[in-house]
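Coordinate analysis (summary)
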Amino acid sequence: MASVNVKTLTDADFVDSVKTGVVLVDFWAAWCAPCRRLAPTVDQLADEYSGRITVAKVDIDENPMTPTKFMVRGIPTLLLFKDGDLKETVVGLAGKDDLAKMIDRHL
Amino acid sequence: MTDRQVIIVGSGPAGLTAALYAARAALKPLVIEGIEAGGQLMLTTMVENWPGYRDGIMGPDLMTELRAQAERFGAEIVQGDVSSVDLSSRPFAVSLGKTRYTAQAVIIATGASAKWLNLGVDKKLSGRGVSTCATCDGFFFKGRPVAVIGGGDTAMEEAIYLAKLATSVTVIHRRDTLRASKVMQDKARSLPGISFLWNTEVVDIKDVDRGEVTALVLKNTQTGASSELAVDGVFIGIGHVPNTALFKGQLAMHDNGYLKTHDGSRTSVPGVFAAGDVQDHVYRQAVTAAGSGCMAAIDAERFLSGTLS
């Protein structure tokens, strides 16, 4: 089960959801094996940074517009937004420590 | 914290088979998964050459089974990626960021990862049309033209998978014959959507400024002639590099970076054993990785009991 601290975003609410603060978004799909591997790391980050940043997921099968808009052509991809601006892109698997360092740079 | 008997670094077929055998030998192994947990089979589809499955088994399913089997006998598996090791004296130390584990024996099964081109631009366009995993990223190229680089089994598997999705798949190979196994070659050649460009190298990928792949710049290795191929995606299947950066200066390696082993699974440091693709640049099969994982566990058990001859 995903952490309760991970929000589920859709094409409809994406833009509004990344408008304020630091938002880390995980683009994934059910058929993507590496995405399943990254999911626990994203959950842990959501728990550890709870209240300081927003951690969210976008299922690319159900929400094709947002990945197209941000030119996501491979998953898993993590995008980090700060006050609506795209600041970081991480493609593929990444370690928790490296992701934490990346988040800390924007806090 | 008390020392463990054995730590296994890596969770592909080699690491998990080592874990299974070590657990059954009551060594209570600790397995550190690594970020590519489950190994290369996690990125494959049907595995048709794993003995005992006449109809094949999906790679991720095989790894789920193997993992559960190792856990059933008491292997402890932790998430995370090893950040450093100290193999200079026993107990050996294996660190994951701030967490440090120690053990009397270590089995290294860190495997190999997909090799990139040496262009620089391919990494910049990673996730923007350049990929090393067709089953992960093929989805984005439904109804679009793509290219696959390479002539081995990895490249054929990518091409066969992509032929179902893309409008066209061009396999680009720098030689005029494929290195892939006969069965994979035949399958790829039989599919109408797949065409081959022989004696051809990729010298550049466009378009970094736009942040997406629009074309490949190619060079014929015989004539030197350049050309351009318009594609939306390019999949790299040119082989693998061993994940041995952690062990530089601590364990003996071949010139190509693979760990040297002798007398079974022994590395240059007594008590440190290696299994799977990290020490095998010849066979590189799931079943040989599993076999060498078994060897490493038996060698580690004998080392710990003082009976390794």
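As the structure is a computational prediction, the values presented were derived from the model and not from experiment.

Another point: the interface of chain B and chain A. The partner chain A presents 20 residues to the 26 residues of chain B that form the contact. Between chain B and chain A lies a buried interface of about 1,900 Å² when both sides are counted; carbon and sulfur atoms form 57% of it. Sorting the residues of chain B by area buried against chain A places I35(B), R128(B) and F140(B) first, and these three jointly supply 29% of that buried surface. Applying the counting rule to chain B against chain A returns one salt bridge. Between R73(A) and E212(B) there is a salt bridge; the shortest N-O distance is 3.1 Å. For the pair chain B and chain A, the number of links is six residue pairs in polar contact (both at pLDDT 80 or more). Elements with a contribution of two residues or more to the side of chain B that touches chain A: α2 (59-72) and α4 (134-137) of chain B. At three residues, the largest contribution of residues to the side of chain B that touches chain A is made by α4(B). Residues belonging to the side of chain B that touches chain A are distributed by class as follows: nine nonpolar, eight polar and nine charged.

Let's shift gears to the pairing of strand β13 (residues 194-197) of chain B. Along a regular strand, successive side chains alternate from one face of the sheet to the other. Burial along β13(B) is one-sided: the face carrying I194(B) and F196(B) is buried and the face carrying S195(B) and L197(B) is not. As for the winding sense of the linkage, the β-α-β connection from strand β12 (residues 168-172) of chain B through helix α6 (residues 182-190) of chain B to β13(B) is right-handed.

All right, on to the layout of surface pockets then. Of the voids in this model, the second largest pocket is the one considered here, and its volume is about 820 Å³. Lining the second largest pocket we find 31 residues, and of these G95(A), K96(A), D97(A), G80(B) and D81(B) sit closest to its centre. Among the elements of the structure, α2 (33-48) and α4 (96-104) of chain A together with β8 (99-108) of chain B are those that each provide at least two residues to the lining of the second largest pocket. Broken down by class, the residue content of the lining of the second largest pocket amounts to 10 nonpolar, nine polar and 12 charged.

Residue and element names in this part refer to chain B. Structurally, I236 can be placed in strand β17 (residues 233-236). Expressed as a C-alpha distance, the spacing of I236 and E33, which sit 203 residues apart in the sequence, is 25 Å. Setting aside anything within four residues of it in sequence, one finds I236 in contact with K115, W116, L117, D122, V130, S131, T132, I149 and E158.

Time to look at the sheet that holds β17(B). Residue and element names in this part refer to chain B. If you walk across this open sheet you meet the five strands as β10-β17-β11-β12-β13, and the pairing is parallel. A single partner strand is all that each edge strand has here, and the edge strands are β10 (130-131) and β13. Summarising the sheet, β12 and β13 pair through four bridges and their orientation is parallel. Paired with V169 across the two strands is I194, which belongs to β13. The sheet contacts of helix α5 (residues 153-163) involve β11 (145-149), β12, β13 and β17, and relative to β11 the element is tilted by about 165°.

Residues and elements named next belong to chain B. Position of T102 relative to the elements: it lies in strand β8. Within the structure, T102 has its side chain in polar contact with the side chain of D3 (distance 2.7 Å). In this structure T102 touches T2, D3, R4, I7, P91, F92 and A93, once residues within four positions along its chain are discounted.

Overall, the coordinates contain two disulfides over all chains when judged by the stated rule. Here C32(A) is linked by a disulfide to C35(A), with a sulfur-sulfur distance of 2.2 Å. Every disulfide takes its handedness from the sign of the S-S torsion; for C32(A) and C35(A) that torsion is 80°, giving right-handed. Overall, the relative accessible area of 3% leaves C35(A) in the buried class. Two residues share a disulfide in this structure: C133(B) and C136(B), whose sulfurs sit 2.1 Å from each other. Disulfide C133(B)-C136(B): torsion about the S-S bond near 70°, hence right-handed. You can call C136(B) buried: its relative accessible area is 4%.

Residues and elements named next belong to chain B. Within the secondary structure, I32 is located in strand β2 (residues 30-32). Considering only alpha carbons, one finds I32 and V94, 62 residues apart in sequence, at a separation of 9.4 Å. Here I32 is in contact with I7, I8, V9, G10, V78, G80, V82, V94, L96 and Y101, once residues within four sequence places are set aside.

Let's shift gears to α2(A). Its 16 residues place the ends of α2(A) 24 Å apart at the C-alpha level, agreeing with the 22 Å of an ideal helix rising 1.5 Å per residue. At A39(A), α2(A) shows its maximal bend, which comes to roughly 30°, and the proline P40(A) appears one to four places after that position. Where α2(A) is concerned, the buried positions are A33(A), P34(A), C35(A), L38(A), A39(A), T41(A), V42(A), D43(A), L45(A) and A46(A). On its buried face, α2(A) sits against β1 (6-8), β2 (22-28), β3 (54-59), β4 (77-82) and α4 of chain A together with α4 of chain B.

A few words now on the pairing of strand β5 (residues 85-91) of chain A. Residues and elements named next belong to chain A. Pairing between β4 and β5: six bridges, direction antiparallel. Each bridged residue has a counterpart across the sheet, and for L78 the counterpart in β5 is V90. Connecting β4 to the next strand, β5, in antiparallel fashion are two residues, including D83 with a positive phi near 50°.

Within the structure shown, the criterion is met by one cavity of 30 Å³ or more. Estimated volume of the largest cavity: approximately 30 Å³. Per-class residue counts for the lining of the largest cavity are four nonpolar, four polar and two charged.

What counts, and at which threshold
- Residues numbered from 1 in each chain as written.
- Chains lettered and ligands numbered in written order.
- Predicted model: local features only at pLDDT ≥ 70, side-chain atom pairs only at ≥ 80, totals over all residues.
- Heavy atoms only, no water.
- Contact = heavy atoms within 4.5 Å.
- Buried area = accessible area lost by both parts, 1.4 Å probe.
- Salt bridge = Lys/Arg side-chain N within 4 Å of Asp/Glu carboxyl O.
- Polar contact = N/O pair within 3.5 Å; in protein donor to acceptor, adjacent residues only side chain to side chain.
- Helix = DSSP H or I, 4+ residues; strand = E, 2+ residues; numbered from the N terminus.
- Nonpolar A, V, L, I, M, F, W, Y, C, P; charged D, E, K, R; others polar.
- Buried < 20%, exposed > 50% of the residue type's maximum accessible area, 1.4 Å probe, protein only.
- Right-handed = clockwise from strand over helix to strand, strands pointing away.
- 1 Å grid on protein atoms, 1.4 Å probe; cavity = no way out; pocket = protein on both sides within 12 Å on 5 of 7 lines; lining within 4 Å.
- Points joined across faces, edges and corners; volume = space filled by probe spheres on them.
- Pairing = 2+ DSSP bridges.
- Axes fitted to C-alpha atoms, helices over the stretch in contact; angles between N-to-C directions.
- Disulfide = S-S within 2.5 Å.
- Expected span 1.5 Å × (residues − 1).
- Bend = angle between axes of the 7 residues up to and from the residue.

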